[in-house]
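Remarks on the overall topology
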Amino acid sequence: MTIYDIAKMAGVSASSVSRVVNGKPGVNRATREKIQALLKEHNYVPDTNARNLVTQSNRTIGILTDDIDTLHQVEGCHRVEYELMRNGYYCFVKYIGHGPDAIETAMLDLARHRVEGAVCLGSAFRDARKVTRAVEHHLPNTPVVMVHNTLTFPRPNIYSVGADEVAGIQSCVDYLTSRGRRQMLLVINENRVSGALIRSAFESAVKRYPHVHSTVYTGVPVSVVEGEFVYATAGRTLYKIKALDGSVAVQQVMDGKDRFGTIPPTIAGDTIYVALDGGMVEAFNKDTLAKKWTLGGLSAGGQNSCPVLVSEGRVYTGFYDSETGTQNYVCLTTAGKRVWSYANAGGFYWAGAVAVGDYIFVGTDDGAESGVNGTSRILSFRKDETRENPVPQALEL
């Protein structure tokens, strides 16, 4: 079905149909409504390729990344894509790998897709020589933005946006030293692409203080230690690992998935509690990893980005979806029964709760789109709250 077919059925010119499809003026109300009804009846879908040929623009942005395992990298791609699509751009994400020609090949691929811009995330793009050469060869007139990058590139179409991790680590060491700290420990989580850079910055900063003793641990999984065992999740599996030699003592398949592996399990008594993707919480026996209960549907589509808090027979955790998406903070019993839930625009992003006296305190996201300063809050709930939809006290920040 083309605009010519619609035009023939409506008894109008193809240009009139085109104006309606593209939301342009120049068509009277009665004719516009008639065309819109025909478009809906015949499930008309505009030909994007044809439109691109006419406008000489495909509004496509390529997003390149060298890391699909680390949370901040995945989240970075997600947020960049969200903002671009919100502004009317089509995006595709490409994993470039770590081969010697990875950057060159990726830029060539973007050129073949005639992208109108490129966004690059990852430590691979800190090689200024390779990046400059690849852009010069394949995207000489296309805006290319380096995220998490502070390098200055010789080409005017390459831009850098990022935090200076080296300066940040050095500032941390300087501050701790000024507070009289003499024993420093750097822990780098597993699959951290910038781990080598962070370690180098830390060791260089410590050398300036001969009286400071330092230790570095790398490749550390996000887990929790209890007695002689380490408990950790990866994908759909919960592991109980011997701390002495690293061998797996027991493993259990979970009903849900730990999307990013950044929130460790919570142990309370003889039970392990795990928040999972899609608004789910599961409980397991600490010794055998036998499943005690599973409770889903707690927050539609929510990411498991909050630690689980267990206090006085109740289990608390929250979920996140997007900058403006509504997600829940929930309270369950340790037997797996839902007590209450509280919905918040923006959800609960890495929001760890704390129990103080008779209350639970937890922070919210601001519910505003990226780049807009909204208002976050600290919420307080009574531990003995029983209403299904409680109204907490709130402190705006």
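Everything numeric here is computed off the predicted structure, so don't read it as measured data.

1. A look at the side chain of Gln303
Note that Gln303 resides in the loop between strand S14 (291-295) and strand S15 (309-311). Among the residues examined, Gln303 registers a relative accessible area of 4% and is labelled buried. Every residue in contact with Gln303, bar those within four places of it in the chain, is listed here: Glu75, Arg259, Phe260, Asp277, Gly318, Phe319, Tyr320 and Asp321.

2. Section: the packing of aromatic side chains
Going through the model one piece at a time under the given rule, you end up with eight aromatic pairs. Look at Trp340 and Phe381: their rings are 4.5 Å apart centre to centre, the planes differ by 25°, and that puts the pair in the stacked class. Here Trp340 is found in strand S18 (residues 338-345), whereas its partner Phe381 is found in strand S21 (residues 377-382), with 41 residues between them in sequence. Here the two residues Trp340 and Phe381 agree in accessibility, since each one is buried. The structure contains a cluster of three or more aromatic residues connected by ring pairs, namely Tyr316, Trp340, Tyr342 and Phe381.

3. Description of the side chain of Ser16
Tracing the backbone shows Ser16 in helix H2 (residues 14-21). With a relative accessible area of 14%, Ser16 lands in the buried category. In terms of polar contacts, Ser16 uses its side chain to reach the side chain of Ser13, at 3.1 Å. Setting aside anything within four residues of it in sequence, one finds Ser16 in contact with Val27 and Ile35.

4. Let's talk about the sheet that holds strand S22 (residues 393-396)
Overall, antiparallel pairing links the four strands, which are arranged S19-S20-S21-S22 in an open sheet. The open sheet terminates on both sides in strands that have one partner only, identified here as strand S19 (354-356) and S22. The average undirected angle you get between the axes of adjacent strands in this sheet is 25°.

5. Looking at empty space enclosed by the protein
Under the counting rule described, the total for this entry stands at two cavities of 30 Å³ or more. Together, Thr233, Asp258, Ile263, Pro264, Pro265, Val274, Ala275, Asn304 and Val308 line the largest cavity. Of the residues contributing to the lining of the largest cavity, the split by class is six nonpolar, two polar and one charged. In this structure, the second largest cavity occupies an estimated 30 Å³ of space. In terms of lining, the second largest cavity is formed by His78, Arg79, Tyr82, Tyr320, Ser322 and Glu323.

6. Topic: helix H3 (residues 29-41)
Here H3 is 13 residues long and its end C-alpha atoms lie 18 Å apart, about the 18 Å a rise of 1.5 Å per residue gives. For H3, the set of buried residues is Arg32, Ile35, Leu38 and Leu39. Taken end-on, H3 shows its buried residues confined to a sector of 130°, consistent with a single buried face. For H3, exposure combined with an orientation more than 90 degrees from the buried face picks out Arg29, Ala30, Lys40 and Glu41. Those residues of H3 hidden inside the fold are in contact with helix H1 (3-10) and H2. With a side-chain oxygen lying 3.3 Å from the backbone nitrogen of Ala30, the N-terminal cap of H3 falls on Asn28.

7. Some words on a nonpolar patch on the surface
A contiguous nonpolar surface patch, about 310 Å² in accessible area, is contributed by Leu185, Val187 and Tyr217. Along the polypeptide, Leu185 turns up in strand S6 (residues 183-189). By relative accessible area, Leu185 is classed as exposed at 53%.

8. Examining the pairing of strand S17 (residues 326-333)
Burial analysis of S17 places six of its eight residues in the buried class, the great majority of the element. In the sheet, strand S16 (residues 314-318) pairs with S17 via five bridges, with the strands oriented antiparallel. Bridged to Tyr316 within S17 is Cys331. As paired elements, S17 and S18 share seven bridges and run antiparallel to each other. The partner of Asn328 across the bridge, within S18, is Ala343. Between S17 and S18, which pair antiparallel one after the other, the connecting turn spans four residues, and Gly336 there sits at a positive phi close to 90°.

What counts and how
Residues numbered from 1 in each chain as written. Predicted model: local features only at pLDDT ≥ 70, side-chain atom pairs only at ≥ 80, totals over all residues. Heavy atoms only, no water. Helix = DSSP H or I, 4+ residues; strand = E, 2+ residues; numbered from the N terminus. Buried < 20%, exposed > 50% of the residue type's maximum accessible area, 1.4 Å probe, protein only. Contact = heavy atoms within 4.5 Å. Phe/Tyr/Trp six-rings, centres within 6.5 Å; stacked < 30°, edge-to-face > 60°. Polar contact = N/O pair within 3.5 Å; in protein donor to acceptor, adjacent residues only side chain to side chain. Pairing = 2+ DSSP bridges. Axes fitted to C-alpha atoms, helices over the stretch in contact; angles between N-to-C directions. 1 Å grid on protein atoms, 1.4 Å probe; cavity = no way out; pocket = protein on both sides within 12 Å on 5 of 7 lines; lining within 4 Å. Points joined across faces, edges and corners; volume = space filled by probe spheres on them. Nonpolar A, V, L, I, M, F, W, Y, C, P; charged D, E, K, R; others polar. Expected span 1.5 Å × (residues − 1). Arc of directions from axis to C-beta. Patch = residues over 30% accessible without salt bridge, like charges linked within 9 Å, V, L, I, M, F, W, Y side chains within 5 Å. Areas by Shrake-Rupley, 256 points an atom, 1.4 Å probe, with all protein chains shown as cover. Salt bridge = Lys/Arg side-chain N within 4 Å of Asp/Glu carboxyl O.

That is the geometry; function is a separate question.
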